[in-house]
Amino acid sequence: MKIMVTGGAGYVGGTVASLLLSQGHQVTVVDNLCHARRNQVPNGVDFVETDIADRPRIEALFRDASASGQPFDSVLHFAALIEAGESMNKPEIYFRNNTASTLALLEAILAAGPKRIVFSSTAAVYGEPETVPIRETAALRPTNAYGESKLLTEHILSWFHRIHGLRSASLRYFNVAGAPEQGGPGSGVVLRGEDHEPESHLIPLILDVALGRRESIKIFGDDYPTEDGTCVRDYIHVADLADAHLLALKALETPAAAQSRLIYNLGNGSGFTVKQVIDAARRVTGHPIPAEIHPRRAGDPAFLIAASDKAIAELGWKPNYPDIDNILRTAWLWHQKRYNS
Ligand SMILES: NC(=O)c1ccc[n+]([C@@H]2O[C@H](COP(=O)([O-])OP(=O)(O)OC[C@H]3O[C@@H](n4cnc5c(N)ncnc54)[C@H](O)[C@@H]3O)[C@@H](O)[C@H]2O)c1
Ligand SMILES: O=c1ccn([C@@H]2O[C@H](COP(=O)(O)OP(=O)(O)O[C@H]3O[C@H](CO)[C@@H](O)[C@H](O)[C@H]3O)[C@@H](O)[C@H]2O)c(=O)[nH]1
């Protein structure tokens, strides 16, 4: 297949683009490099440096591909701003970049592109859940502007499916972590890991402390109604997430995808507090990792834990990294390779 990957210079998009290439697909990465570096674009893809909101440019890519007899089969849409905390200080850039710019991309798709899209949605669309694990049918009440910007996009996709027949799969990822291993789980040779520009995510920041790049990790709030007072998240390995994208692409070809939009949670179904993640990193790295308690970060729900039974049953998805220590092991291997070589 010929696939457009927006945000393919980023952590998750880059991992999925590499997997697609390894399976013989043709990949065009569209990224404006607002949160990535040029050297993070996977080798072997066609790279177009542009904003997804540049509708004429994106439409031209679709039209040129069709004219050359090799039209795009689908779009995997990862490009977004991704920090829940930042979105509570600057909501406008989240609605602009994640919602309005995605609308421009979708308009280009309707005008000239393939009628199939896999959308990177998020657990943040749920907000604070009434019960965990969270099913896809749970109430959608985001507690941060980032989650709302993604939920609005899901609503647009629903209307475009209903009115224009645009097939879409919304994959609601929980907290993505780890580095893919070349040769499969346990091989120990890691490819690109979690590396955001700038870094704000818990696991790479903890590993920075273990490497001596930071003095301590800040814990944002220890007064949540959880077992140790810190926020609970469900961590999913990026390689397992990448597998789910290939399965979603297949599912978009089935009659079910013509009937209704596909929506799947992707997580491991186990929650870990921030303190438990730090403890796991201490076990994996052998470093004491000093931690300091700071005030809560605005917009953080206390609990996010996925029920992913639907993806397992309907897509045939099978996560290979259910264990947090194993996820951290791959993250740690990559983090050392990234900064020590
Ligand atoms: N990392 C997670 O834990 C997580 C969890 C849930 C959902 N997601 C979603 O997954 C997707 C990928 O996340 P990631 O962790 O790889 O983030 P990332 O920041 O590494 O990658 C995002 C990429 O999109 C690009 N980009 C942003 N806006 C753009 C625009 N307007 N035009 C073109 N390119 C643009 C950035 O330059 C970057 O390369 C995002 O949509 C995010 O919301 C991530
Ligand atoms: O220095 C830090 C960084 C984070 N945290 C906490 O650690 C948890 C995880 O935070 P982080 O790694 O920033 O991820 P989330 O804010 O949970 O968001 C991630 O996971 C969401 C899905 O659950 C996605 O939608 C987002 O894109 C992705 O950034 C949260 O409770 C944070 O408050 C800290 O205590 N200290």
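Please read these numbers as outputs of a predicted model, since none were measured by experiment.

Asker: Is there a simple way to explain the site of ligand 2 in this structure?
Answerer: Taken together, the neighbourhood of ligand 2 is formed by 22 residues, with Thr122, Ala123, Leu202, Phe220 and Cys231 sitting nearest. Counting residues per element, the ones that place at least two in the shell around ligand 2 are α6 (202-210) and β8 (217-220). Among the elements that make up the shell around ligand 2, the one with the highest residue count is β8 (four residues). Taken together, the residues that form the shell around ligand 2 break down as 13 nonpolar, four polar and five charged. Two domains each provide a minimum of three residues to the shell around ligand 2, namely domain 1 (2-177 + 234-266) and domain 2 (202-233 + 270-340).

Asker: Explain the domain arrangement of the chain to me, please; I cannot follow it from the model alone.
Answerer: Interface extent is often summarised as the accessible area lost during association of the parts. With domains assigned, the chain is organised as domain 1 (2-177 + 234-266) and domain 2 (202-233 + 270-340). Relative placement of domain 1 and domain 2: their C-alpha centres are 24 Å apart. Counting residues at the interface gives 31 residues for domain 1 and 28 residues for domain 2. Residue assignment for the side of domain 1 that touches domain 2 shows that the elements contributing at least two residues are α3 (84-87), β7 (175-177), β10 (235-237), α7 (238-251) and β11 (262-266). Top element by residues in the side of domain 1 that touches domain 2 is α7. It accounts for seven residues. Considering only residue class, the side of domain 1 that touches domain 2 consists of 17 nonpolar, eight polar and six charged.

Asker: What exactly am I supposed to notice about α7 here?
Answerer: Helical periodicity: at 3.6 residues per turn, an α-helix aligns residues three or four positions apart in one direction. Counted at 1.5 Å a residue, the expected span for α7 with its 14 residues is 20 Å, and the 20 Å between its end C-alpha atoms agrees. What α7 keeps buried is the set Val238, Ala239, Asp240, Leu241, Ala242, Asp243, Ala244, His245, Ala248, Leu249 and Ala251.

Asker: What's the story with the site of ligand 1 in this structure? I'm lost.
Answerer: Within the structure, ligand 1 sits among 28 residues, and Gly7, Gly10, Ala36, Ala79 and Ala80 are positioned closest to it. Breaking the shell around ligand 1 down by element, the ones donating at least two residues are α1 (11-22), α4 (91-112), β5 (116-122) and β7. No other element matches α1, which puts three residues into the shell around ligand 1. Of the residues that constitute the shell around ligand 1, the class distribution is 14 nonpolar, 12 polar and two charged.

Asker: Could you clarify how one ought to interpret the nonpolar core in this entry?
Answerer: A general feature of soluble globular proteins is that nonpolar side chains tend to end up buried together. Ranked by size, the top nonpolar core spans 100 residues in total, and within it Ile206, Ala248, Leu266 and Val277 carry the most contacts. In terms of residue count, α7 provides more of this core than any other element does, eight residues in total. Viewed by domain, this core spans two of them, domain 1 (2-177 + 234-266) and domain 2 (202-233 + 270-340), each represented by three or more residues. Those residues in contact with Leu266 that lie beyond four places of it in its chain are Leu171, Arg172, Tyr173, Phe174, Ile236, Leu241, Ala244, Ala306, Ser308 and Ala311.

Asker: Would you mind going over the sheet that holds strand β3 (residues 46-49) with me for this structure?
Answerer: The pairing of strands in a sheet happens through backbone hydrogen bonds and is either parallel or antiparallel. The parallel open sheet is built from seven strands, whose spatial order is β3-β2-β1-β4-β5-β6-β11. Of all the strands in the sheet, just β3 and β11 have a single pairing partner and so form its edges. In this sheet, neighbouring strand axes are inclined to one another by 20° on average, regardless of whether the strands run parallel or antiparallel. With four bridges joining them, strand β2 (residues 26-31) and β3 adopt parallel strand pairing. Within β3, the position partnered with Thr28 by the bridge is Asp46. Packing against the sheet, α7 makes contact with β4 (74-77), β5, β6 (167-173) and β11, and its axis sits at approximately 160° to β6.

The rules behind the values
Residues numbered from 1 in each chain as written. Chains lettered and ligands numbered in written order. Predicted model: local features only at pLDDT ≥ 70, side-chain atom pairs only at ≥ 80, totals over all residues. Near = placed C-beta within 6 Å. Helix = DSSP H or I, 4+ residues; strand = E, 2+ residues; numbered from the N terminus. Nonpolar A, V, L, I, M, F, W, Y, C, P; charged D, E, K, R; others polar. Domains from an automatic or database assignment. Contact = placed C-beta atoms within 7 Å. Expected span 1.5 Å × (residues − 1). Buried ≥ 20, exposed ≤ 12 C-beta atoms within 10 Å, placed from the backbone. Core = buried A, V, L, I, M, F, W, Y, C linked by C-beta atoms within 7 Å. Pairing = 2+ DSSP bridges. Axes fitted to C-alpha atoms, helices over the stretch in contact; angles between N-to-C directions.

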